[in-house]
Amino acid sequence: MGKQRVLSGVQPTGNLHLGNYLGAIRNWVEGQSQYDNFFCVVDLHAITVPHNPATLAADTYTIAALYLACGIDLDHSTIFVQSHISAHSELTWLLNCITPINWLQDMIQFKEKAIKQGENVSTGLLDYPVLMAADILLYDADKVPVGEDQKQHLELTRDLAARFNHLFGQQEEEILKIPEPLIRKEGARVMSLTDGTRKMSKSDPSELSRINLLDPPETITKKIKRCKTDSVRGLEFDNSERPECNNLLTLYGILSGKTKDQVTTECQDMGWGQFKPLLAEATVEALKPIQEKYKAVMSDRAYLESVLKDGREKAEAVANATLARVKTALGYSTPL
């Protein structure tokens, strides 16, 4: 048997931050040799909220280059752009027609974002989970790396695949593979620098809330110097009354490569004035090789375009084969 397949992606909305890297991409890199990986830039998802058309294409290339800069290896992984493969949109429509609308209305992220958007909330935002399901199911993914906030979306994907197979499969035939979650606990939920109870997010209006992978050293140092802390002397993990302390110590441990016990011993008697420079230095050093590789990739546009062209061709072949199975099961005729 061949390797199991993994599918995941990131939206091209702004720069990637430490949460994206530590919660997702770093885990992809560390485990990529074990799997057959398909990593896409999910630019169709990017327009479910207001976006800037003038920067969408450039942002898409930035994310693809960051995949490579973070260590995605083309010997184990395929990198492609979601909108370059029309099967994503087509399968979304086909799945829409078997998706009970109340399944979508019950999605937590839709409820939260709909409140923010008010009367401007789009059908695309409601339908976002079906597009995500299409992304996954097109590639016969065995596993999908997900954080806690995406588990509900993956459950919907599993439910839709099972529903489709039940309605249109023949004698227990599995037309769509039902994927399993791939969850890594450590570093899977990096919190905001301005509020240790909220996840680090690209949508946060404050740039001080996150450290972007391409932030220069002086910006990283400034953000960490100004990040929210408390007035308690001595630093500790796992105190529910000190969420910022737990978040910053966790970041320091991951970025410096130290264990939880080592960080506890080193930092338990420190004040914030002593600790923050250590965290800033560890962050700058951890991001330095990524930033250097990113600059090299972006300076060779022909190489980046060739990566995405090769990725599109490989991904499209898999996606179109799945789409053909679905359309046959639904009763569509084969094009002449």
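See the structure shown above.
Residues numbered from 1 in each chain as written. Predicted model: local features only at pLDDT ≥ 70, side-chain atom pairs only at ≥ 80, totals over all residues. Heavy atoms only, no water.

**A closer look at the packing of aromatic side chains**
This is how it is decided: Aromatic pairs are defined between Phe, Tyr and Trp rings, using the six-membered ring for Trp, whenever the two ring centres lie within 6.5 Å; interplanar angles under 30 degrees are classed as stacked, those over 60 as edge-to-face, and all others as tilted. Strands are runs of DSSP state E lasting at least two residues, helices are runs of H or I lasting at least four, and both sets are numbered from the N terminus onward. For every residue, the accessible area obtained with a 1.4 Å probe (protein chains only) is divided by the maximum for its type, and the residue is called buried under 20%, exposed over 50%, and partly exposed between those limits.
Within the structure shown, the criterion is met by eight aromatic pairs. Between tryptophan 28 and phenylalanine 39, the ring centres sit 4.3 Å apart and the planes meet at 5°, which makes this aromatic pair stacked. Of the two residues, tryptophan 28 is situated in helix H1 (residues 18–31) and phenylalanine 39 in strand E2 (residues 36–41); the sequence distance between them amounts to 11 residues. Taken as a pair, tryptophan 28 and phenylalanine 39 share a single burial class, namely buried. Relative to phenylalanine 80, the ring of phenylalanine 38 lies with its centre 6.4 Å away and its plane at 75°, an arrangement referred to as edge-to-face. Highlighted residues: phenylalanine 38 in strand E2 and phenylalanine 80 in strand E3 (residues 77–81), separated in sequence by 42 residues. For the pair phenylalanine 38 and phenylalanine 80, a shared accessibility class is recorded, and that class is buried.

**What about the pairing of E2?**
Selection criterion: Note on pairing: two strands pair once DSSP finds at least 2 bridges between them. When the strands point away from the viewer and the connection leading from the first strand across the helix to the second strand turns clockwise, the crossover is called right-handed.
Within E2, six of the six residues are buried, leaving the element largely enclosed by the surrounding structure. Residues Asp36, Phe38 and Cys40 line one face of E2 and the alternating positions Asn37, Phe39 and Val41 line the opposite face, and both faces are buried. Sheet analysis places E2 next to E3, joined by five bridges and oriented parallel. Within E3, the position partnered with cysteine 40 by the bridge is phenylalanine 80. Handedness of the β-α-β unit built from E2, helix H2 (residues 53–70) and E3 comes out right-handed.

**Section: the nonpolar core**
Which entries qualify depends on this criterion: Residues belong to a common nonpolar core when they are buried Ala, Val, Leu, Ile, Met, Phe, Trp, Tyr or Cys residues joined through side-chain atoms within 4.5 Å. We call two residues in contact whenever any of their non-hydrogen atoms come within 4.5 Å of each other.
One finds Leu18, Tyr67 and Phe275 to be the most contacted residues of the largest nonpolar core, which totals 56 residues. Here this core takes 10 residues from helix H11 (residues 272–298), the largest share from any one element. What leucine 18 contacts, discounting residues up to four positions off in sequence, is Gly23, Val190, Met200, Ile211, Leu213, Leu251, Leu255, Thr283 and Leu287. With 40 residues, the next largest nonpolar core counts Leu94, Leu125, Ile136 and Ala161 among its residues.

**Describing helix H3 (residues 87–96)**
Applied cut-off: Picture the helix axis, draw a direction to every C-beta atom, and the arc is the one those directions span.
Within H3, the full set of buried residues consists of Ala87, His88, Leu91, Thr92, Leu94 and Leu95. What you see down the axis of H3 is that its buried residues fit within an arc of 165°, all on one side.

**Quick look at the pattern of salt bridges**
For the record, the criterion: Any Lys or Arg side-chain nitrogen found within 4 Å of a carboxyl oxygen on Asp or Glu counts as a salt bridge.
For the structure on display, the rule yields 18 salt bridges. With a closest N to O distance of 3.2 Å, glutamate 180 and arginine 158 form a salt bridge. Remark: arginine 158 occurs in helix H7 (residues 151–168) and glutamate 180 occurs in strand E5 (residues 180–182); sequence separation between them is 22 residues. Connected through shared salt-bridge partners, Glu207, Arg210, Asp215 and Lys223 make up one network.

**Some thoughts on empty space enclosed by the protein**
Put simply, the rule reads: Think of a 1 Å grid over the protein atoms and nothing else: a 1.4 Å probe that fits but is trapped marks a cavity, an open set flanked by protein within 12 Å on at least five of seven lines marks a pocket, and residues with an atom within 4 Å of a point count as lining. Grid points are joined across faces, edges and corners, and a volume is the space filled by probe spheres set on the points. Charged means Asp, Glu, Lys or Arg here, nonpolar means Ala, Val, Leu, Ile, Met, Phe, Trp, Tyr, Cys or Pro, and polar covers whatever is left, Gly included.
Inspection of every chain in the model, using the stated rule, returns one cavity of 30 Å³ or more. Together, Met107, Gln109, Phe110, Lys113, Leu125, Tyr128, Pro129 and His153 line the largest cavity. Counting only elements with at least two residues in the lining of the largest cavity, the list comes to helix H5 (108–117) and helix H6 (123–137). Taken together, the residues of the lining of the largest cavity break down into five nonpolar, two polar and one charged.

**Side note on unusual backbone geometry**
Of note, the phi angle at aspartate 140 is positive, near 50°, even though the residue is not glycine. As for its placement among the helices and strands, aspartate 140 is situated in the loop between H6 and strand E4 (143–145). Here aspartate 140 falls in the buried class, since its relative accessible area comes to 18%. Look at aspartate 238: it is not a glycine, yet its phi comes out positive at around 60°. Counting through the fold element by element, aspartate 238 comes out in the loop between helix H8 (217–226) and helix H9 (243–256).

**Some remarks on the packing of H6 against H7**
Convention followed: To obtain an axis, a line is fitted to C-alpha atoms, over the contacting stretch when the element is a helix, and the angle between two such axes runs from 0 to 180 degrees between their N-to-C directions. Note that the term roughly parallel is reserved for angles under 35 degrees, roughly antiparallel for angles over 145, roughly perpendicular for angles of 65 to 115, and oblique for everything else. By definition, any crossing whose near helix is turned counterclockwise from its far helix by less than a right angle is left-handed, and any crossing with a clockwise turn is right-handed.
Packing of H6 against H7 brings their axes to within 9 Å, and their N-to-C directions diverge by 70°. Here H7 runs roughly perpendicular to H6, going by the angle between their axes. Every pair of crossing elements has a handedness; the one defined by H6 and H7 is right-handed. Together, Tyr128, Pro129, Val130, Met132, Ala133, Ile136 and Leu137 of H6 and His153, Leu154, Leu156, Thr157, Leu160 and Ala161 of H7 make up the contact between the two elements.

**Observations concerning the pairing of E3**
For E3, a buried count of five out of five residues is recorded, marking the element as mostly surrounded by other parts of the structure. Burial along E3 is two-sided: Ser77, Ile79 and Val81 facing one way and Thr78 and Phe80 facing the other are all buried.

**A closer look at the environment of threonine 60**
In this fold, threonine 60 is placed in helix H2. On the accessibility criterion, threonine 60 (5% relative accessible area) is buried. Measuring from C-alpha to C-alpha, the distance between threonine 60 and alanine 46 comes to 9.9 Å, with 14 residues separating the pair along the chain. Once residues within four sequence positions are removed from consideration, threonine 60 is found in contact with Pro12, Val41, Asp43 and Val81.

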